[in-house]
Amino acid sequence: MGYSMKPILIIGAGHAGLSLAREIRALDKAMPITIVSQDPIQAYYKPNLSKALSMNKSADQLIMKQLEALKNDLDAELLENTSVLKINHEEKSILCQAKSTDKNEQETFELPYENLILATGASPIEMPIKGASGNVVSVNTLQDYTQFRKMIKDKKQILIIGAGFVGCEFASDLSSSDYQVSVVDRAAWPLEQVIPEQMGTEIKHAISKNGVKWHFQSTVDEIVKNNQGELKAHLSNGVIILPDVIISAIGLSPNIKLAKVIGLLAGRGIVVDEYSRTSRHAIYALGDCVEYDGQPLPFIAPATLAAKALAKTLTGNKTKLVLPPQPVGVKITDYPTLICPPRIKEGSWQVNGVDQDLEAAFFNNKKELCGFALSGQRISLKGEYLSRY
Amino acid sequence: MSNSKIWQCLTCEFVYSEAAGIPEEGIPPGTAWQDVPEDWLCPDCAMGKDDFDMQEV
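## A word on the overall build of chain A
- Of regular secondary structure, chain A possesses eight helices and 26 strands.
- At 22 Å, chain A has a C-alpha radius of gyration in line with the 21 Å of a compact globule built from 389 residues.
- Overall size of chain A, expressed as C-alpha extent along the three principal axes, is 65 × 60 × 35 Å.
- Expressed as a percentage of the 389 residues in chain A, the buried residues total 44%.
- Long-range contacts, defined here as pairs at least 24 residues apart, represent 60% of the contacts in chain A between residues at least 6 apart.

Have a look at this one:
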C-alpha cells in the first residue's frame, strides 16, 4: 500500500492529539504523522495537575514522556512551541510560526496535509471579575502548573473560585498539604451540576476536615492588589479574604478560533459527526475542542475513545465513535467519589444510603436512568449502575 | 494467590492488581491479566490492555 508524502497533521499535543498519533501508529507503521503544538510537547496526565501534591510529585515528575521519547515511540514529526496561524483548507495546508526570541527563526512556514486533525483543547474561561486580570491564575497545562507550584511555594492562603471537578480536587489536594484554602462558588454545594445536595454536603464535610472554608451562593465582587503586592478579595457575602494566590477553576471553553476562521460549524465546541469529521472535507476534530450533541465532554475517556475510532477511520477502517456512559472519579482525600454526569438537565435525583456511603441516580421524566453518582463503599455498585442504562 | 502480578496503565497510572481484581467492573479477585477480556478498557482513561505494563512488586 503506497502513501502520498503528505502526512496526517495533528494540531495539539495534549491527550487527544498524542493518543490519536499512538493509535494510528499501532495500526499503521508507515503513515506519516506530524504534530504541531504551541506548547512544549511532553506526555503527562492532565487530571494529575489537581492531585500532584498528594501524590508527592513535583511538576516535572508528572512528565511521563519527553519529546525525544515520544518522537521515537510515535515515529512522528513533532513540532513544539509552534503556533498555527491559519488553515488553507483549499490547498490542504496550514501556516505555522515557531515561537522564538530569535527573529531569524520567527519566519512562517507552510505544512501540507492529507488529513487535518484539530485537537486544540480548551482554555480557561476568562473571569468577569473586577481586578481579576493578572491576579488570578488558571491551571490548565503542565506549564501553568509549573508556574503555580513556584507561586505557592512558602505561601499559605489559597482562594479557589469554582467548586466543580477541578476546584474540589485542588481544594482537597492543597488543604491536605497544609494550605489554608477558601472556595467560592455561586452554587449551593460542590459539584452542584452533577450531584445532588446530600452528596454535595458529604463532600463539603470531607474536604472541610482539612480546614477548607466554603463560601457557597457567593461570588467574588472585586480583587484588589495593594502596593506591597498583597491581594484582597471582596466576596458578595461580605467576607474579605487575603489570599496569597487566587486560582480560577470556573471551567473551560473549547478552542475553536482556528476552526471558526475557515467557517467550520461550531457551537460551544467544533461540531463533528460520528466519524469525528468536521463540516469541511479532510478536517477532523476530537478532544476538548469539540462538542457532542451540543455539549463539550472535557474528560479523558471520550478523547481516548475518539482517538481509537478515528485512528481506525484514518487507516482505512471506517469506524463510528460510540460514547458509552463514562463515570469520572473525583479525587478527594478520604472520600472516594465516582460521577457519571447526567447529560440532560431535566429530571430528578434519587438518593440512597447513609453518611458517606451514598448512591444517587438521576432519572428523566420517563424514569430512565440518565446519570449517577456513587461515593464511599457504594462505589462498588458501578458495574450494576452501568448495566442499567 | 501466589505469583499475583500488578499491571499499570501507561497513560493514567491506574493499577490493576490480579489479587484484587476489579469486582465493580465484573472482574473477580484473582483474575490473571491474561484472563481480563481483550476489549476491557482502563476505568480511568479508557485505554486498552495494550497500554498496560507489568510492574515489579
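## What about the overall build of chain B?
- In terms of helices and strands, chain B carries zero helices and three strands.
- Taken against the 2.2 N^0.38 rule, which gives 10 Å for 57 residues, the C-alpha radius of gyration of chain B at 10 Å falls within 12% of a compact globule.
- By principal-axis analysis of the C-alpha atoms, chain B measures approximately 30 × 25 × 15 Å.
- Evaluated residue by residue, chain B yields a buried proportion of 25% over its 57 residues.
- Sequence separation of at least 24 residues holds for 52% of the intrachain contacts in chain B that already meet a minimum separation of 6.

## A word on unusual backbone geometry
- The residue Asp154(A) is not glycine, and still its phi comes out positive at about 60°.
- Structurally, Asp154(A) is set in the loop between helix H3 (142-152) and strand S11 (157-161).
- Taking the C-beta count within 10 Å as the criterion, Asp154(A) has 5 such neighbours and is therefore assigned exposed.
- In this structure, Ala46(B) is a non-glycine residue whose phi angle is positive, near 70°.
- Judged by the 25 C-beta atoms lying within 10 Å of it, Ala46(B) is buried.

Calculation notes
Residues numbered from 1 in each chain as written. Chains lettered and ligands numbered in written order. Predicted model: local features only at pLDDT ≥ 70, side-chain atom pairs only at ≥ 80, totals over all residues. Helix = DSSP H or I, 4+ residues; strand = E, 2+ residues; numbered from the N terminus. Rg over C-alpha atoms; globule rule 2.2 N^0.38 Å. Buried ≥ 20, exposed ≤ 12 C-beta atoms within 10 Å, placed from the backbone. Contact = placed C-beta atoms within 7 Å.

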